[in-house]
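Here are the chains, one letter per residue:
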Amino acid sequence: MTDDVRTIVLCLITAGAGAAVGWIARTYLWRRKLRRKQAFFGLPGNSECLLVVNRDAGGDGAVHRHDVFALLELSALIKDCSAHAQILSHDVPQQGFGERTEFCVGGPVSNRRMAAHLHSLLPGVKVNTDPEPGPERGAFQIGSERYRLEKGVAEYVLLARLTAGQDTRPVFLFCGQQAITTQAASRYLIRNYEKLARKHGNNTFCLLLKVANSRAYGSDVVELVGDVTRAAQTAVPAPRNSHRATG
């Protein structure tokens, strides 16, 4: 073997070894990222989760198109985690939570299970469900703060990751004042889950988001109003009955 041939062979071996090491490193990083993603969403490989869908509050029982878009994005996320989804209507009686990851979509008016989750897990959140038109319709009361709906201008949505214990699967809530906010919240979660995981770990959190100027920008412009976890989890004492003095 001449020196030139030996040099070529050594170069090929070195290049092959470098490519193999690079492939192994990329595979390791990809798998580590996938494991973290699966842990945050509670979606280990081949696991099952629930997609709880609502109905269009102003329609004939169909799912609003923006909620459908949210479900499609969540379905892609579930597939990326190598998990499987079961779609359930909000009014189908089900077991409690914690055994399977759950994604619950829609406000308490159109989604009974969402109403139950808010009552049980986020007692500090009150949603005005008055069917009559008015400035308070759809408003969020979180602790002492009130967030009114301004349709097409400022619409709010709660994005929450809730757990019942360390070894239980999470429940993700997308509770919005309008259907378009549900799509915005699901997109926000998928785009920012790594940042959220670094900040909150695999623990409970509740964020308030605002969809700005949806008339012009749809669900694309989303602002983080704040972390309202503590206020949302703290039950507000019921007001005492007031009595007018007589005499």
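Residues numbered from 1 in each chain as written. Predicted model: local features only at pLDDT ≥ 70, side-chain atom pairs only at ≥ 80, totals over all residues. Heavy atoms only, no water.

**Describing helix α2 (residues 65-80)**
Between its terminal C-alpha atoms α2 stretches 23 Å, which fits the 22 Å expected from 16 residues at 1.5 Å a residue. Buried within α2 are the following residues: His66, Asp67, Ala70, Leu71, Leu74, Leu77 and Ile78. The buried residues of α2 occupy an angular sector of 140 degrees when projected down its axis, which confines them to one face. Summarising the geometry of α2, the exposed residues directed more than 90 degrees from the buried face are Arg65, Leu72 and Lys79. Within two residues after α2, Ser82 carries a phi angle of roughly 60 degrees, on the positive side. (Helix = DSSP H or I, 4+ residues; strand = E, 2+ residues; numbered from the N terminus. Expected span 1.5 Å × (residues − 1). Buried < 20%, exposed > 50% of the residue type's maximum accessible area, 1.4 Å probe, protein only. Arc of directions from axis to C-beta.)

**Some details on the environment of Leu122**
Among the structural elements, Leu122 can be located in the loop between α3 (112-121) and β4 (125-127). C-alpha separation for the pair Leu122 and Thr229, spaced 107 residues apart in sequence, amounts to 8.5 Å. Setting aside residues no more than four positions away along its own chain, Leu122 makes contact with His117, Ala160, Leu162, Leu173, Cys206, Ala232 and Gln233. (Contact = heavy atoms within 4.5 Å.)

**Overview of helix α4 (residues 179-200)**
Within an α-helix, residues lying three or four positions from one another point in the same direction, as the helix has 3.6 residues per turn. If you check α4, its first and last C-alpha atoms are just 26 Å apart, much less than what 22 residues at 1.5 Å a residue would give, namely 32 Å. At Asn192, α4 shows its largest kink, close to 70 degrees. After α4 finishes, the residue Gly201 shows a positive phi value of roughly 65 degrees. (Bend = angle between axes of the 7 residues up to and from the residue.)

**Comments concerning the pattern of salt bridges**
Considering all chains together, one arrives at 8 salt bridges under this definition. The salt bridge involving Arg100 is made with Glu48; its shortest N-O contact spans 3.5 Å. A residue pair is termed long-range when its members are at least 10 positions apart, and Arg100 in the loop between β2 (84-89) and β3 (101-105) and Glu48 in strand β1 (residues 48-53) qualify at 52 residues. Take Glu48: its relative accessible area is 46%, and that puts it in the partly exposed class. Each of Glu73, Arg187 and Asp220 takes part in one network of salt bridges that share partners. (Salt bridge = Lys/Arg side-chain N within 4 Å of Asp/Glu carboxyl O.)

**What to know about the sheet that holds strand β6 (residues 145-147)**
The 3 strands are arranged β4-β5-β6 in an open sheet whose pairing can be described as antiparallel. Two strands lie at the open edges of the sheet, namely β4 and β6, each paired on one side alone. Mean inter-strand twist for the sheet, computed between neighbouring axes without regard to direction, equals 20 degrees. The sheet contact formed by strand β5 (residues 140-142) and β6 spans 3 bridges and is antiparallel. Bridging from a neighbouring strand, Phe140 pairs with Tyr147 of β6. (Pairing = 2+ DSSP bridges. Axes fitted to C-alpha atoms, helices over the stretch in contact; angles between N-to-C directions.)

**Observations regarding the side chain of Thr181**
In this structure, Thr181 sits in helix α4. The class for Thr181 is buried, based on a relative accessible area of 0%. Polar contacts involving the side chain of Thr181 include one to the main-chain carbonyl oxygen of Gln178, which spans 2.5 Å. Filtering out sequence-adjacent residues up to four positions away, Thr181 remains in contact with Glu155, Tyr156, Val157, Gly176 and Val211. (Polar contact = N/O pair within 3.5 Å; in protein donor to acceptor, adjacent residues only side chain to side chain.)

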